[in-house]
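Each chain, written out:
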Amino acid sequence: MTRLPAPHRDVEPRLLRAFLAVAEELHFTRAAARLYVAQQALSRDVRRLERELGADLFSRTTRQVTLTAEGERLLPYARRVLEAQDELVAAFTGAARPLLVDLNSPGLVFGRVLERARELAPECELMARFESGLTGAAVEMAAGRLDMSFGRYAGLDPALRASLDQQPVRFEPMAVLLPHGHPLTGLDAVPLDALAGEIVYAGAGNPRTPEWTDLAHRLFEGRGIGVAPPAPLAVGREEFGRLMAKRRNPVLAVVDFPAMPGAELRPLVDPVPLSPVSLVWRKGLRHPGVAAVRAAAAELGAAEGWLERPADGWVPAADALVMAAGGG
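Residues numbered from 1 in each chain as written. Predicted model: local features only at pLDDT ≥ 70, side-chain atom pairs only at ≥ 80, totals over all residues. Heavy atoms only, no water.

Q: Would you mind going over the side chain of His182 with me for this structure?
A: Position of His182 among the secondary structure elements: in the loop between β6 (164–179) and β7 (190–191). The exposure class of His182 is buried, given its relative accessible area of 10%. At a separation of 2.8 Å, a polar atom in the side chain of His182 contacts the side chain of Glu198. (Helix = DSSP H or I, 4+ residues; strand = E, 2+ residues; numbered from the N terminus. Buried < 20%, exposed > 50% of the residue type's maximum accessible area, 1.4 Å probe, protein only. Polar contact = N/O pair within 3.5 Å; in protein donor to acceptor, adjacent residues only side chain to side chain.)

Listed below in C-alpha cells is the structure:
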C-alpha cells in the first residue's frame, strides 16, 4: 500500500480496538468473536484504519495473519490510546475494566496481596487467575491479555523484561515435595546436601516456567542433585498426586505451596534457598487497581519481613541485584 500524505485526522478508538484484537489473536475469526462483532465488520474496520494511516498493518495469507513492520510500530501506540480512553471513561463513570492478576497457584501468599488490594480499592474489579509460570505470563502481559503477575523477574529473557516493570515483593523460602514413604520425610527440614543423588522435578520442558527450571539448575549445581527431564504437565490435584505416586521424583517447591495428595512438603535448609519474587506488569499500564496491588504487596511485605534475607539464605547474584535495585 502506498503511503498517503498525513493530513490531520482523528482515529476512532473502535478502529484501534479492531486492530489490537487482530494483532493479539493473529486470527480474524477469533478477534471478531472476542469483540462480539461480525468478521466482515472487523475486516472492514481494519481496512479503514489502514487507509486512514496509509500503511499495511497486517500481512494476510490463507494460512496465517502476521503484523507488518508498520503494524508492530502502531501496536504500543494503540495500547496507550485505548488504556487512556478506558481511564477517561472510568474517571467519569466509575466503570474501570477488570484488572487481571495471575496468582500462580491457589493458596500462595499472593492471594493475600490481592485480598488486601481489594480492600484498598473497593471500587475496582480485581480478578484473579491461576496459571504458573512468569515467562508464560510475561508473554501475555506484553500482548495485553494479562495485567500483572508474580515471579522471578531476573529469570526472564531480556527481550521480555524490556516491555515490563517490576516491584520486588518477597524472598520466598524454598521447599521440596517428597512422595509418601521417601526416606527424607522423616526429617522436619531437609538439608540441601541430603538431596545429593536425587533427581528433582523443577518444571523442565514447560515453556511457561523456564525461569523456575533455571533457578533449580543454579541451586543444584555442584551438589550432585539432578534436574528431572520433562514430564507431562499435571493439571489439578488428582493428576498431580497420580504422577507423584507413579514417578516418585521429589519436586522443587516453596514453603507455602498448597498440600498435594501423595506428597509431603519439607523446607530446605543448610543453606535456605530463596525464590526471589517480584510483582510484574506491562510498562505503561494505566489502571487504578495497579497502585492498589503495588501498595498491598509493599504493606504486607513490610509487616511480615518478606524482603528480609536470612543469614544463611541463598539467592543467585543476578537475582539479588534485581531485587536490590527495585523497579517501577
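Q: Got a minute to help me understand the packing of helix α2 (residues 28–35) against helix α3 (residues 39–53) in this structure?
A: Between two packed helices, both the angle of their axes relative to each other and the distance between the axes serve to describe the pair. Contact geometry for α2 and α3: axes closest at 9 Å, N-to-C directions at 100°. As far as their axial angle goes, α3 and α2 are roughly perpendicular. On the side of α2, the interface is formed by Phe28, Thr29, Ala31, Ala32 and Leu35, while α3 contributes Gln39, Leu42, Ser43 and Val46. Here the residues of the contact of α2 with α3 sort into six nonpolar, three polar and no charged. (Axes fitted to C-alpha atoms, helices over the stretch in contact; angles between N-to-C directions. Parallel < 35°, antiparallel > 145°, perpendicular 65-115°, else oblique. Contact = heavy atoms within 4.5 Å. Nonpolar A, V, L, I, M, F, W, Y, C, P; charged D, E, K, R; others polar.)

Q: How should helix α10 (residues 288–304) be read in this particular structure?
A: For the α-helix, the turn length of 3.6 residues means that residues three or four positions removed from each other point alike. For α10, built from 17 residues, the straight-helix expectation of 24 Å at 1.5 Å per residue is met to within 8% by its first-to-last C-alpha distance of 25 Å. Inspection of α10 places Gly289, Val290, Ala292, Val293, Ala296, Ala297, Leu300 and Gly301 among the buried residues, and these make up the whole buried set. The arc that holds the buried residues of α10, viewed along the axis, is 165°, so those residues lie on one side. Exposed side of α10, more than 90 degrees from the buried face: Ala291, Ala302 and Ala303 are the residues found there. Considering only its buried residues, α10 is in contact with β3 (99–102), α5 (110–120), β4 (126–129), β5 (148–151), β6 and β12 (272–282). Looking one or two residues beyond α10, the residue adopting positive phi is Gly305, at roughly 65°. (Expected span 1.5 Å × (residues − 1). Arc of directions from axis to C-beta.)

Q: How should the packing of aromatic side chains be read in this particular structure?
A: The description of two aromatic rings rests on the distance between their centres and on the angle between their planes. In total, this model carries three aromatic pairs according to the counting rule given. Note on Phe19 and Phe58: the rings are 5.5 Å apart at their centroids and 45° apart in plane angle, and the pair reads as tilted. On the criterion of sequence distance, the pair formed by Phe19 in helix α1 (residues 13–25) and Phe58 in strand β1 (residues 58–60) is long-range, its members being 39 residues apart. With a centroid separation of 4.4 Å and an interplanar angle of 10°, the aromatic rings of Phe110 and Phe150 are classed as stacked. Separated by 40 residues along the polypeptide, Phe110 in helix α5 and Phe150 in strand β5 bring together distant segments of the chain. Just as Phe110 is buried, Phe150 falls in that class too. Through a chain of ring-to-ring contacts, the aromatic side chains of Phe19, Phe28 and Phe58 assemble into a single cluster. Above the ring of Tyr153, the side-chain terminus of Arg161 is found at 6.0 Å from the ring centroid. Positioned above the aromatic ring of Phe171, the side-chain terminus of Arg309 is 5.6 Å from the ring centre. (Phe/Tyr/Trp six-rings, centres within 6.5 Å; stacked < 30°, edge-to-face > 60°. Lys NZ or Arg CZ within 6 Å of the ring centre and 35° of its normal.)

Q: Looking at this structure, how should I read the nonpolar core?
A: With 45 residues, the main nonpolar core has Leu99, Val113, Met148, Phe150, Leu252 and Val293 as its most contacted residues. Within the residue set of this core, elements represented by two or more residues are β3, α5, β5, β6, α8 (210–220), β10 (251–254), β12 and α10. With 22 residues, the next largest nonpolar core counts Phe19, Ala21, Val65 and Leu82 among its residues. (Core = buried A, V, L, I, M, F, W, Y, C linked by side-chain atoms within 4.5 Å.)

Q: Honestly, the pattern of salt bridges in this entry has me stumped. Any pointers?
A: Where charged atoms from two side chains of opposite charge come close, those side chains can pair. Enumeration over the complete set of coordinates arrives at 22 salt bridges. The partner of Arg129 in a salt bridge is Asp102, and the shortest N-O contact between them spans 2.8 Å. With Arg129 in strand β4 and Asp102 in strand β3, the pair connects residues that are 27 residues apart, well separated along the chain. Per residue, the accessibility class of Arg129 equals that of Asp102, and both read buried. Measuring nitrogen to oxygen at the nearest pair gives 3.2 Å for the salt bridge that ties Glu140 to Arg208. Taken as a pair, Glu140 in helix α6 (residues 134–142) and Arg208 in the loop between β8 (199–200) and α8 lie far apart in primary sequence, 68 residues in all. Of the residues examined, Glu140 reaches a relative accessible area of 15% and is grouped as buried. Connected via shared salt-bridge partners are Glu12, Arg14, Asp45, Arg48 and Glu52. (Salt bridge = Lys/Arg side-chain N within 4 Å of Asp/Glu carboxyl O.)

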